[in-house]
Amino acid sequence: SCVSDGIVLVIHSSSSPFWSPKGAGSLPSHTPILEVAFVDDVGLVLSASSPLMLDRYINILLRHVVTAFGLLGLELNWKPGKSECLVRFRGRDTAKAYAAHRSASGLTFEVPALAGVSKSTTLFAVNRYKHLGCVIDVTGKLLPDADVKVANMMSSYTPLASRIFGNNIFSTQTRLSFAQSLTGN
């Protein structure tokens, strides 16, 4: 088996799946969607032709995730900072889609309960997500990620500035090598 430490989630659809093109007809119910998810970090991407369809897909995905994990006796930590989503509605009915999920806590999505196993909870949307030093911004802008990388580089540079870069004991080539290692080039 290719999966060593993870969960294999196979979702079977009994009708025309939500991802099929309009008018494509039903796929056979035995057509699986395969998602190999390692328990630590998982990213799932949904895209839709309209905000209302994206909202529908989010609900379907949350229901399937809760069901699959529940059947395996697993429970996700839905607390802010542990499970989060980035959502960007675009197109016609955008304001309506955002209004349906706006709360005092920000943009939220209801995570359905699994009968007898879990209670319903809330998934919080964030504007930025940081993972392993990289920042993903809901707008798609790259500047937030660049800002984090510069801040990380400066935090490494500052203690070395006078000891390495301001010290004539090290050759120019050695100092350039250190500088290059800080920038990740």
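For the structure, check the block above.
In this text, all values refer to a predicted model and were calculated from it rather than measured experimentally.

Moving on, we get to a nonpolar patch on the surface. Residues Val150, Met154 and Tyr157 make up a contiguous nonpolar surface patch of about 250 Å² in total accessible area. A residue is classified by how much of its surface remains accessible, and Val150, at 48% relative accessible area, is partly exposed.

Here we take up the layout of surface pockets. Picture a little ball the size of a water molecule; that probe, rolled over the atoms, points out where space is still empty. As a volume, the second largest pocket reaches approximately 310 Å³. Taken together, 20 residues line the second largest pocket, and the ones lying closest to its centre are Glu75, Leu76, Trp78, Lys119 and Thr121. Elements represented by at least two residues in the lining of the second largest pocket include exactly α1 (51–71) and β6 (121–125). The element best represented in the lining of the second largest pocket is α1, accounting for four residues.

Moving on, we come to the environment of Asp147. Mapped onto the elements, Asp147 comes out in helix α3 (residues 143–165). Sequence-wise, Asp147 and Val135 are twelve residues apart; in three dimensions their C-alpha atoms are separated by 9.2 Å.

Further remarks concern the side chain of Asp137. Of note, Asp137 is situated in strand β8 (residues 134–137). Among the polar contacts listed, one links the side chain of Asp137 to the side chain of Thr139, at a separation of 2.3 Å. For Asp137, the residues in contact, after removing those within four places along its chain, are Leu86, Asn127, Arg128 and Pro144.

What follows is about the sheet that holds strand β4 (residues 102–103). Taking strand neighbours across the sheet as the criterion, the four strands line up as β3-β6-β5-β4 in an open arrangement whose pairing is mixed. Unpaired on one side and paired on the other, β3 (84–85) and β4 mark the two borders of the sheet. Across two bridges, β4 lies against strand β5 (residues 106–111) in antiparallel orientation. The residue bridging Ser103 from the neighbouring strand is Gly106, located in β5. The sheet contacts of α1 involve β5 and β6, and relative to β5 the element is tilted by about 50°.

Rules of the game
- Residues numbered from 1 in each chain as written.
- Predicted model: local features only at pLDDT ≥ 70, side-chain atom pairs only at ≥ 80, totals over all residues.
- Heavy atoms only, no water.
- Patch = residues over 30% accessible without salt bridge, like charges linked within 9 Å, V, L, I, M, F, W, Y side chains within 5 Å.
- Areas by Shrake-Rupley, 256 points an atom, 1.4 Å probe, with all protein chains shown as cover.
- Salt bridge = Lys/Arg side-chain N within 4 Å of Asp/Glu carboxyl O.
- Buried < 20%, exposed > 50% of the residue type's maximum accessible area, 1.4 Å probe, protein only.
- 1 Å grid on protein atoms, 1.4 Å probe; cavity = no way out; pocket = protein on both sides within 12 Å on 5 of 7 lines; lining within 4 Å.
- Points joined across faces, edges and corners; volume = space filled by probe spheres on them.
- Helix = DSSP H or I, 4+ residues; strand = E, 2+ residues; numbered from the N terminus.
- Polar contact = N/O pair within 3.5 Å; in protein donor to acceptor, adjacent residues only side chain to side chain.
- Contact = heavy atoms within 4.5 Å.
- Pairing = 2+ DSSP bridges.
- Axes fitted to C-alpha atoms, helices over the stretch in contact; angles between N-to-C directions.

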